[in-house]
Amino acid sequence: MTSTPGPQRDVILAVDIGGTKFAAGLMTARGVLLDRSRVEVEPDVGPQSHFAGLVSVVNEQLEQARTQHDVRVRAIGIGCAGPIERNCETVSPLNISSWRQFPLRAHLEELTGLPVYGDLDAKALALSEGWLGAAQGVSSFCAMTVSTGVGGGLVIDGELLDGATGNAGHIGHMIVEPGGRRCGCGARGCLEAEASGLAIEAITGRSPTEPTYDIMRRTGRLVGRAAGMICTSLDLDLVVVGGGVALGFAATFFNAAQEEIDAVAHVGQGVAARITPVRLGDQGPLIGAGAVGLRGLRREVSPRRPVPISAELLDGPS
Ligand SMILES: [Zn+2]
């Protein structure tokens, strides 16, 4: 790679891997997306064909960085639908059936020569909403996505929690209806088996884009139940929710969720927890992925192993 003379801004190449699309973008240290591109995930193709689709948007953004924006890409940050192994060493997104234990991090590193850092999409969302979105300035909160599946991320005292296997905040498998529907994980009545887009379709026989009032209320209530238990156990007073199902159900969902939280969390103990929609909209996943990259870079920096990174890039989210 040739370098252009003169001072260049450093950016993160953000990569969002959802069930139906791959997106990539260039994010500055301030969380501004300079450029982005996306490609639909082709159904039923092999693992290398999926990777070729991803490579197309990654290369497009690397090219844009060189030719259009005069910026230097310092790292790749990934937000990926789960399950994943820590740092996206392998990924197995539920809706990309031919990626099972696909070694994404190594493939991207080999392709680009850049350091690659990855995490679950819901944890990435927690980083972005805490940095620039609805939880900005809040040191302890829970972020959730309610869409095809249900995911979550927990920030406590300013730190995104990883947990023993990197899956902290996997709220979708909290049981909200004892004895309820069988979940993909094997248990019954998990939030994901009762309130995800897939579950709603299975229960009602209708697309979650055409919900009844009752199903919007019920979904809100169940999400509020799980959120309320988390708020109580971790002493949180804010839950930020995104995802197509929650945002599509809008006020009906959020009002029902708030009523349930009021009924189960911090009852009689002062401050009530609040549930609110994400604020970064369709930029959230890429900003979150970029934040994962920033977080990874900052963790590399230590007195023992200094990494030459511009001070600007080290000023991002924790
Ligand atoms: Zn489950």
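Scoring rules and cut-offs
- Residues numbered from 1 in each chain as written.
- Predicted model: local features only at pLDDT ≥ 70, side-chain atom pairs only at ≥ 80, totals over all residues.
- Heavy atoms only, no water.
- Helix = DSSP H or I, 4+ residues; strand = E, 2+ residues; numbered from the N terminus.
- Rg over C-alpha atoms; globule rule 2.2 N^0.38 Å.
- Buried < 20%, exposed > 50% of the residue type's maximum accessible area, 1.4 Å probe, protein only.
- Pairing = 2+ DSSP bridges.
- Contact = heavy atoms within 4.5 Å.
- Axes fitted to C-alpha atoms, helices over the stretch in contact; angles between N-to-C directions.
- Core = buried A, V, L, I, M, F, W, Y, C linked by side-chain atoms within 4.5 Å.
- Expected span 1.5 Å × (residues − 1).
- Donors = N, O, S within 2.8 Å, 3.2 Å for Na, K, Ca; no water.
- Tetrahedral: all angles 85-135°; square planar, octahedral: opposite > 155°, others 65-115°.
- Phe/Tyr/Trp six-rings, centres within 6.5 Å; stacked < 30°, edge-to-face > 60°.
- Parallel < 35°, antiparallel > 145°, perpendicular 65-115°, else oblique.
- Nonpolar A, V, L, I, M, F, W, Y, C, P; charged D, E, K, R; others polar.

J.: I would appreciate a short explanation of the overall build of the protein chain in the present structure.
T.: Helices and strands together make up the secondary structure of the protein chain, namely eight helices and 10 strands. Whereas a compact globule of 318 residues would reach a radius of gyration of roughly 20 Å, the protein chain reaches 20 Å, a difference of no more than 12%. Projected onto its principal axes, the C-alpha positions of the protein chain cover 60 × 45 × 30 Å. Expressed as a percentage of the 318 residues in the protein chain, the buried residues total 52%.

J.: I would appreciate a short explanation of the sheet that holds strand 9 (residues 238-242) in the present structure.
T.: The strands making up a sheet associate through backbone hydrogen bonding, with each pair oriented either parallel or antiparallel. Reading across the sheet, the five strands line up as 8-7-6-9-10 and stay open at both edges, with mixed pairing between neighbours. Each edge of the open sheet carries a strand with a single partner, namely strand 8 (159-160) and strand 10 (274-277). Alignment of strand 6 (residues 141-146) against strand 7 (residues 150-156), held across six bridges, turns out to be antiparallel. Looking at the pairing, F141 lines up with V155 of strand 7. Sheet strands touched by helix 3 (residues 121-132): strand 6, strand 7, strand 8 and strand 9. Its angle to strand 7, the strand with the most contacts, is close to 45°.

J.: Sorry, what's going on with the nonpolar core here?
T.: In a soluble, globular protein the nonpolar side chains are often hidden away together inside. C142, M144, L191, V223, V239, V241 and I275 are the most contacted members of the largest nonpolar core, which totals 32 residues. When residues of this core are traced back to their parent elements, those giving at least two are strand 6, strand 7, helix 4 (191-195), helix 6 (213-234), strand 9 and helix 7 (244-264). Tallying contributions element by element places helix 6 first for this core, with eight residues. Leave out the neighbours within four places in its chain, and C142 touches G153, L154, I171, I230, L236, L238, V239 and V240. Ranked by size, the runner-up nonpolar core spans 31 residues in total, among them I17, L26, C80 and L120.

J.: What is the right way to read helix 6 from this model?
T.: Think of an α-helix as turning once every 3.6 residues; residues three or four places apart then point the same way. With 22 residues, helix 6 extends 31 Å from end C-alpha to end C-alpha; this agrees with the ideal 32 Å at 1.5 Å per step. Positioned one or two residues after helix 6, D235 has a phi angle of 60°, which is positive.

J.: Explain the coordination of the zinc ion to me, please; I cannot follow it from the model alone.
T.: Under perfect tetrahedral coordination by four donors, a metal shows angles of 109.5 degrees; under perfect octahedral coordination by six donors, it shows angles of 90 or 180 degrees. Taken together, the protein ligands of the zinc ion are H173 (ND1), C183 (SG), C185 (SG) and C190 (SG), with distances of 2.0 to 2.3 Å. One can describe the donor arrangement at the zinc ion as tetrahedral, given that its four donor atoms subtend angles of 103 to 121° at the metal. Read in sequence order, the donor residues for the zinc ion give the motif H-x9-C-x1-C-x4-C. Of the two residues, H173 is situated in the loop between strand 8 and helix 4 and C185 in the loop between strand 8 and helix 4; the sequence distance between them amounts to 12 residues. The exposure class of H173 is partly exposed, given its relative accessible area of 27%. Residue C185 is classed as partly exposed on the basis of its relative accessible area, which comes to 46%.

J.: Mind showing me how you'd approach the packing of aromatic side chains here?
T.: Each aromatic ring pair is described using two quantities: the centre-to-centre distance and the angle formed by the ring planes. Counted by the stated rule, this structure contains four aromatic pairs. With 4.9 Å between their ring centres and 80° between their planes, F253 and F254 make a pair best called edge-to-face. You'll find F253 and F254 in the same group, each marked buried. In textbook terms, an aromatic cluster arises when at least three aromatic residues are bridged by ring pairs, as seen for F22, F51, W99 and F102.

J.: I'm lost on the packing of helix 3 against helix 8 (residues 284-300) in this one. Help?
T.: For the pair helix 3 and helix 8, the least separation of the axes is 7 Å and the interaxial angle reads 95°. By the angle between their axes, helix 3 is roughly perpendicular relative to helix 8. Two secondary-structure elements touch here, helix 3 through A124, L127, S128, W131 and L132 and helix 8 through G284, I287, G288, A289, A291, V292, L294 and R295. Looking at the contact of helix 3 with helix 8, its residues break down into nine nonpolar, three polar and one charged.

J.: Honestly, the sheet that holds strand 1 (residues 9-17) in this entry has me stumped. Any pointers?
T.: Ordered by their spatial adjacency, five strands build an open sheet running 3-2-1-4-5, and the pairing between neighbours is mixed. Two strands lie at the open edges of the sheet, namely strand 3 (33-40) and strand 5 (116-120), each paired on one side alone. For this sheet, the mean inter-axis angle between neighbouring strands, taken without regard to orientation, is 20°. Summarising the sheet, strand 2 (residues 21-28) and strand 3 pair through seven bridges and their orientation is antiparallel. Looking at the pairing, G25 lines up with R36 of strand 3. The strands touched by helix 2 (residues 104-112) within the sheet are strand 1, strand 4 (71-80) and strand 5, with strand 4 carrying the most contacts at an inclination of about 165°.

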